[in-house]
Amino acid sequence: MDLTSSDLATLKGERGEAAQLAMELLVVVGRASAAPHLIDIESAHIDGCLFHGRAGLEFAERLSNSGGVVKVPTTLNVSSLDLLHPNLYRGDETTAILARRLMDAYVEMGCTATWTCAPYQLASRPAFGSQIAWGESNAIVFANSVLGARTNRYGDFTDICCALTGRAPFSGLHTDLGRLATLNIEVRIPDRLLDMDLTYPLIGHVLGQLAGSQVAVLTGLDDRAGEDRLKAIGAAAASSGAVGMFHVVGVTPEARDLESAVGDNDLETTVLDLESLEQAHVELGADGGVVGAVSVGTPHMSLSELTRLAGLLTGSSSRIPFYVNTARDTLASAADLGLVETIEAFGATFVTDTCTYVTAIIGDVNGKLMTDSGKLAYYAPANLGLDVTIASLGDCVASAVAGTVRTTSLRA
């Protein structure tokens, strides 16, 4: 790779031990990805603050103890603890202590304690075309697809290295060519399904299976696919596959038409039809029966989603545990609007700073875990050992009130 004099100085340790180690790792990553050089980034989002074991903690504390300080505005993903509601934690004390040390290490390096998997919902978010280095799969795909910012799929360790140096390898989704679609997915489903929230995580689940790590372009959707629904597509696609970016013709910013999204690439074309959605529904949980708990907001619920949720709850109450995952900043805004009082009066429990599928919060469940999230439905059976049913937000509420699974059929 062609390194600048500043890069070389960092490699020699002239900017401290932490920056030196970070640059050493970025050079290796850059060479592995055939990057010709490094580029400046404007921001970073760190996935490595979620505790998965001592290796991640030791790495973060090594950087922090050797004077590491981020060079660009850097937000933090969900952690393993809810600092606003510590009583929700059901895990062991040792894990909690280590998880808190990991959180503290990243804050000490100058990262902002946002603790959200949806940094694109914060007041300040990347502009179109900005080069960034984000971890967290749903955040990555949203930044690329919906905002038009540019980031590769940065995982633990690499994300903080980019933040400490303010640099990233120029490859993949950072480049013009790397953002062009190589797969065309024609969505051919009844028009009425485009009005249903459940349709979008199911589309995302199929998208991930079909695309893998390719950039795909979707045709057949329209402006009913707003930000929250695009979020649902991307989160599911980044779970069932390794999707880092997708286009929706006429909706996402780099796909004003099919040609804009494809360039000179030869396209493979496949069809996503009603049968595809029904199969996705079965894979993510379409069965009825008793529902023992509900968890919504994976990724974290936006303020508009919390507003919708509150509007569904008037005069009703939940018979079962009902968890609402959201960011602490969003929760504060919702409280100002009176939404929190309404949602808690229904019997719901807010979860911030983390998420119910990665932290021991949900207790014994007598029945199925119901969710509106393709991402939670994909991971929860293995992470939590629970049977899952996926449904729209409205059906999640109706099921919580009834105590049995209430879902709307995809068929007319």
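Residues numbered from 1 in each chain as written. Predicted model: local features only at pLDDT ≥ 70, side-chain atom pairs only at ≥ 80, totals over all residues. Heavy atoms only, no water.

(A) How the structure looks around the sheet that holds strand E14 (residues 388-390). Read from one edge of the open sheet, five strands run E12-E11-E10-E13-E14, paired in parallel fashion. Looking at strand neighbours, the two that pair on one side only are strand E12 (348-351) and E14, the edges of this open sheet. Averaged over neighbouring strand pairs, the angle between their axes works out to 25° when direction is ignored. Bridge count for strand E13 (residues 368-371) against E14 is three bridges, and the pairing is parallel. (Pairing = 2+ DSSP bridges. Helix = DSSP H or I, 4+ residues; strand = E, 2+ residues; numbered from the N terminus. Axes fitted to C-alpha atoms, helices over the stretch in contact; angles between N-to-C directions.)

(B) Representation of the pattern of salt bridges. This model, assessed by the stated rule, comprises 18 salt bridges. Salt-bridge contacts for Glu254 lead to Arg179; the nearest nitrogen and oxygen are separated by 2.6 Å. Separated by 75 residues along the polypeptide, Glu254 in the loop between strand E8 (246-248) and helix H9 (258-262) and Arg179 in the loop between strand E5 (167-169) and strand E6 (183-188) bring together distant segments of the chain. Residue classification places Glu254 among the buried positions, given a relative accessible area of 17%. Classification of Arg179 by relative accessible area gives buried; the value is 1%. Across the pair Arg411 and Glu275 runs a salt bridge, and its minimum N-O distance is 3.4 Å. Highlighted residues: Arg411 in the segment after helix H15 (393-402) and Glu275 in helix H10 (residues 274-284), separated in sequence by 136 residues. Judged by relative accessible area, Glu275 falls into the partly exposed class, the value being 44%. Overlapping salt bridges, with partners in common, bring together Asp191, Asp195, Asp222 and Arg224 in one network. (Salt bridge = Lys/Arg side-chain N within 4 Å of Asp/Glu carboxyl O. Buried < 20%, exposed > 50% of the residue type's maximum accessible area, 1.4 Å probe, protein only.)

(C) Molecular detail of the packing of helix H2 (residues 17-32) against helix H6 (residues 158-165). Contact geometry for H2 and H6: axes closest at 9 Å, N-to-C directions at 120°. It follows from the interaxial angle that H2 and H6 lie oblique. The interaxial crossing formed by H2 with H6 has left-handed handedness. Where H2 approaches H6, its residues Ala18, Ala19, Ala22, Met23, Leu25, Leu26 and Val29 are matched on the opposing element by Thr158, Cys161, Cys162, Leu164 and Thr165. (Parallel < 35°, antiparallel > 145°, perpendicular 65-115°, else oblique. Left-handed = near helix turned anticlockwise from the far one by under 90°. Contact = heavy atoms within 4.5 Å.)

(D) Highlighting the environment of Leu83. Relative to the helices and strands, Leu83 resides in the loop between strand E3 (74-76) and helix H4 (93-108). Put simply, Leu83 and Asp353 are 270 residues apart on the chain and 6.7 Å apart in space, counted from C-alpha to C-alpha.

(E) A look at the sheet that holds strand E7 (residues 216-219). If you walk across this open sheet you meet the four strands as E8-E7-E6-E9, and the pairing is parallel. Bordering the open sheet on either side are E8 and strand E9 (268-273), each of which pairs with just one other strand. Pairs of neighbouring strands in the sheet enclose a mean axial angle of 25°, with direction left out of account. Relative to E8, E7 runs parallel, the two being bridged by three bridges. Looking at the pairing, Ala216 lines up with Phe246 of E8. Docked against the sheet, H10 engages E6 and E9, running at close to 70° with respect to E9.

(F) Fine view of the side chain of Ser145. The topology assignment puts Ser145 in helix H5 (residues 137-147). Judged by its relative accessible area of 2%, Ser145 is buried. With sequence-adjacent residues up to four places away left out, Ser145 is seen in contact with Met245, Phe246, Thr252 and Pro253.

(G) Examining helix H11 (residues 303-312) more closely. Listed in full, the buried residues belonging to H11 are Glu305, Leu306, Leu309 and Ala310. With its buried residues spanning 140° around the axis, H11 presents them on a single face. (Arc of directions from axis to C-beta.)

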